[in-house]
Amino acid sequence: MTKYSVVGKSLPRTDDPLRATGRALFASDYSIPGMLFGKILRSHYPHAKILNIDSEKAERLSGVKKIITGKDTIGVKYGFVGLFPQTFDEFALAIDKVRYIGDEVAAVAATSEDIAEEALDLIEVEYEELPAVFDPIEAMKPGAPKIHDHAQNNISFMLEREFGNVDKAFREADYVREDEFVTQPVDHVPLELHAALANYDDSGKLTLWSTTQSPYYLHKQLELTLGLKESQIRVIKPYLGGGFGDRVDMSSYDFCAALLSIKTGKPVKIMGTREEEFSFSRRRHPMRVYLKSGAKRDGTISVSHFRIISDTGAYNSTGVLAINIPLAPVTTTYNIPNLKYEGFQVYSNNQVSGAMRGHSVPQVHFAIDSQLDLIAEELGIDPVEIRLKNARKERETTVLGTKIASCGLTRCLNRSREIMDWGNKWGNLKEGKGMGIGTMSFASGASFNFFGSTSSFSAATVRLLDDGTATLLTGASDIGQGSDGTLAQIAAEELGVHLNDIRVVSADTELTPVDYGSYSSRVTMFAGNAVKNAAADAKNQLLEVVAKKLEANIDDLEARDRKIYVKGTPEKGMSFTDAILATQTVNKGMPVIGKGFYDPPPFNFVTSEGDISPAFSFGSYFAEVEVDRETGIIEVKCITAAHDCGKAINPIRVEGQLEGSVQMGLGYALSEHSVTVKGMVLNPSFLDYKFPTALDMPKVTSVIVEEYDPAGPFGAKESGEGTTIPVAPAIVNAIYNATGLRMKELPVTPDKILKAMKGKKSKRRC
Amino acid sequence: MKKLIELKVNGEEYEIAADVNRTLLEVLREELGFTGSKEACDLGACGACTVLMDGRPVLSCLTLAIEAQGKDILTIEGLAKEGELHPLQKSFVDHGAIQCGFCTPGMIMTGKALLDRNLSPTEDEIREAISGNLCRCTGYVKIIEAVKVTAEQQT
């Protein structure tokens, strides 16, 4: 008999048939009789004072029911990380001035979308244009346009840390090098557009169906910006068409739909467009990463100095996290004993940056893995060997004091090397062909409590029914990654029932216990543990009764396959259904409800010391590419993606994450770029923003490495965000191997290859 | 200007009065309640709105409702029969081809159109067929597999 009966199996979610038949309702599919349609007026200027807004003409347009501007709000700024109040810097509707092209100025509710759109053209906004700045380096210089009054040199958030003895380590290093890497802004591009349907009813209750990936934070941000009480709001996340970080923040659609509904007393629906999505929603932080490292002759990295300049755009949003999060991977993937880290989150008059899959780590690991190859070459060491030499090992503690209980990086490297036939191929590939490696580590959820909430990070309840099934209530958000299914598997395993015995009610702030949401790759670890604890609580209530009935010791009982029995004698046990009925009878009808929660070990935000996450995933991807020297076109032939996710609760879902990550990383490496000139996105459509189609995908070999971690439910770790990190460095290192061209700026497009070839007579490596 | 439009969707006849500039996607979703077809670009660039018109895949966001008059429209809602999933739908479920599920209806309709005209497509033919359907979650790997396995089971 296998150890687990449900965990570890590649089972579909029980509601996947609804997604296959088109019956799954997404936020944009909802409608309420009598609802109005909203549209949002946005700034055309990157930086300007608002002198006056005249909406009279628009109000006279037949069908227009309400127009709101900043004056209709309570004028409270919001943000994402409440621990740093100065980063609460954004009005839901602009009041004093606009800070980027797309800043929200007004919103209209009308009887149709067409009328609402027409009304936008009739709203007259008088602006006084202000000087703008679009490059964070320029923005930090004295005399640069000031974007927020509180921010000196436009620095929105800064982090400076030093661990070990950096100066000494550099002095003693045999080899030191400095490089700078530049990454571009890219968009999340979830397939579903933003949508919000708000219904403020006569009892004073606001219900919002939203494309959010964190109903809890959205609820909190609505409380703050609307001045409502917690009990007056209900946020529901229906089926959601992808998130990737785009939807952790409150969107203007959420806020405007809610306020318009409050003002009109009618339901209001606002749908985003693809152009808005590309131009005005959050995007991945473009970064400049300066990296200086020192190594011993044998390739041991002894010291690293990172200086990261990140463009947060007009507002901070998740900018605090974007600067804090890389501290983990720069110290966890490789054993760096001495570290200097300087991170600057800088305002500009660009579109606002926010969390995106891997949250800063794809940018930073592009630098780490690129430089590691450069060091390896200079020291004459094989790229796999230099990684194995420096690789993190299990049961180590990082220079931050973060304990690493499990680590499969060495196994990942060895498996990928074997599958890619590295030993025979490396150095022997034909001209124009090359291989490269990228690596990563990533938090299985960050131990940050942004709002200083007293509730736990994740909580869940499990209610047992008379028919032997269970209803799981969790605040966790299935945004497409499959968390409803993963959490149901965890509940089923713990209870000892089948997967289709579990119904999941999730992500509804009225019904489900608090869970902070789907971000920082936290759901399997945080919500998974909460669910496991809740299921165990429910099960234990049954075991107490069954133990008496069977005259057995409670510790000798096992629940599995819809039965509870003394270990080793399943034929003599009691059915799960009978156990529930017996428990309710003994307890005079008291329902069997299990409760559970999870909090991570503490992390000190002030000193950056401690366990930034309960556990880390690790991975290594190997890419093989072919570069056409005539056209500069790069074809990625294959990628082997090895990932240590701890115990894979659902292997096919982990594979799905790896394959999807390859696609997203491929775009990041080679083709995706929100081309932005003077604050304006020039390619806001699928025709001009090139994300990989089925024809662009290389062969992907997914390798799941399972290093059990004691912190995870059944030993599981993350496999959602970290998986996208190694793709770009693997491809860029392979391009170098193929051409001798060291590309330090993403994306590596054919024109850059041709230009680089002209620029220097390339020597092929190996 | 509104016009009476007769549409045959999933075997049922409908008569609606709609402005002539209304797209088939708008009418399907907003007038007839077939919300399985999705809007994700409104530009004919993502395939999420794909339906079959007389057996051929069309982008319903680029097709006027009035153009669909007299044609046989099949949407994702018309694929399962008597509660039984179409083999392609079942295959998508079983092979992990669905993550968020937003592209799924369009992807399945495109897949069906392919299998209707080509009983045993090669992997390259599947890739080509679905290359106009964008998916941000799966990397297409399991979608291609789901279509391939369905084809193999049918032949």
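Residues numbered from 1 in each chain as written. Chains lettered and ligands numbered in written order. Predicted model: local features only at pLDDT ≥ 70, side-chain atom pairs only at ≥ 80, totals over all residues.

*Asks:* Any chance you could break down the overall build of chain B for me, citing the residues and the numbers?
*Replies:* The helix and strand tally for chain B stands at five helices and five strands. Taken from the N to the C terminus, the helices and strands of chain B come in the order β-β-α-β-β-β-α-α-α-α. A compact globule built from 155 residues should have a C-alpha radius of gyration of about 15 Å, and chain B, at 15 Å, falls within 12% of that. Its C-alpha atoms give chain B principal-axis dimensions of roughly 45 × 30 × 25 Å. By the burial criterion, 57% of the 155 residues in chain B qualify as buried. Across chain B, the fraction of contacts at a sequence separation of at least 24, relative to all contacts at a separation of at least 6, is 58%. (Helix = DSSP H or I, 4+ residues; strand = E, 2+ residues; numbered from the N terminus. Rg over C-alpha atoms; globule rule 2.2 N^0.38 Å. Buried ≥ 20, exposed ≤ 12 C-beta atoms within 10 Å, placed from the backbone. Contact = placed C-beta atoms within 7 Å.)

*Asks:* Residues and numbers for the sheet that holds strand β8 (residues 124–129) of chain A, please.
*Replies:* Residues and elements named next belong to chain A. Here three strands make up an open sheet; going across it, the order is β6-β2-β8 and the pairing antiparallel. Both outer strands of the open sheet, β6 (97–98) and β8, are each paired with one neighbouring strand and no more. Examined bridge by bridge, strand β2 (residues 48–54) and β8 share six bridges and lie antiparallel to one another. Bridging from a neighbouring strand, Asp54 pairs with Glu124 of β8. (Pairing = 2+ DSSP bridges.)

*Asks:* How would you sum up the packing of helix α3 (residues 104–117) of chain B against helix α4 (residues 123–130) of chain B? Please name residues and give values.
*Replies:* All names here are of chain B. Two elements in contact, α3 and α4, have axes separated by 9 Å at closest approach and are oriented at 130 degrees. One finds that α3 runs oblique with respect to α4. Classified by chirality, the crossing of α4 by α3 is right-handed. Here Met107, Thr110, Gly111 and Leu114 of α3 come into contact with α4, specifically with Ile126, Ala129 and Ile130. Here the contact of α3 with α4 is built from residues that sort into five nonpolar, two polar and no charged. (Axes fitted to C-alpha atoms, helices over the stretch in contact; angles between N-to-C directions. Parallel < 35°, antiparallel > 145°, perpendicular 65-115°, else oblique. Left-handed = near helix turned anticlockwise from the far one by under 90°. Nonpolar A, V, L, I, M, F, W, Y, C, P; charged D, E, K, R; others polar.)

*Asks:* Talk me through the nonpolar core; I want residue IDs and the actual numbers.
*Replies:* The biggest cluster of nonpolar side chains holds 288 residues, and the ones touching the most others in it are Ala257, Leu472, Ala491, Ile731 and Ile735 of chain A. When residues in this core are grouped by element, the largest group, 13 residues, is from helix α16 (residues 523–550) of chain A. (Core = buried A, V, L, I, M, F, W, Y, C linked by C-beta atoms within 7 Å.)

*Asks:* Let's hear about the packing of α4 of chain B against helix α5 (residues 141–154) of chain B: which residues, and what values?
*Replies:* Packed helices, taken two at a time, are described by the angle between their axes plus the distance between the axes. Residues and elements named next belong to chain B. Following both chains from N to C, one finds α4 and α5 inclined at 120 degrees, their axes separated by 10 Å at the closest point. Taken together, the axis directions place α4 and α5 in an arrangement best described as oblique. Of the two elements, α4 crosses α5, and the hand of that crossing is right-handed. Within the contact between the two elements, α4 uses Glu123, Ile126, Arg127 and Ile130 and α5 uses Ile143, Ile144, Val147 and Lys148. The residue inventory of the contact of α4 with α5, partitioned by class, reads five nonpolar, no polar and three charged.

*Asks:* Describe the domain arrangement of chain A, listing the residues and the values that go with them.
*Replies:* Residue and element names in this part refer to chain A. Under the domain assignment used here, chain A contains domain 1 (27–130 + 194–271), domain 2 (283–447 + 606–759) and domain 3 (457–598). One C-alpha centre belongs to domain 2, the other to domain 3; they are set 37 Å apart. Facing the 23 residues of domain 2 at the interface are 17 residues of domain 3. Looking at the side of domain 2 that touches domain 3, the elements with two or more residues in it are β22 (433–443) and α18 (651–670). (Domains from an automatic or database assignment.)

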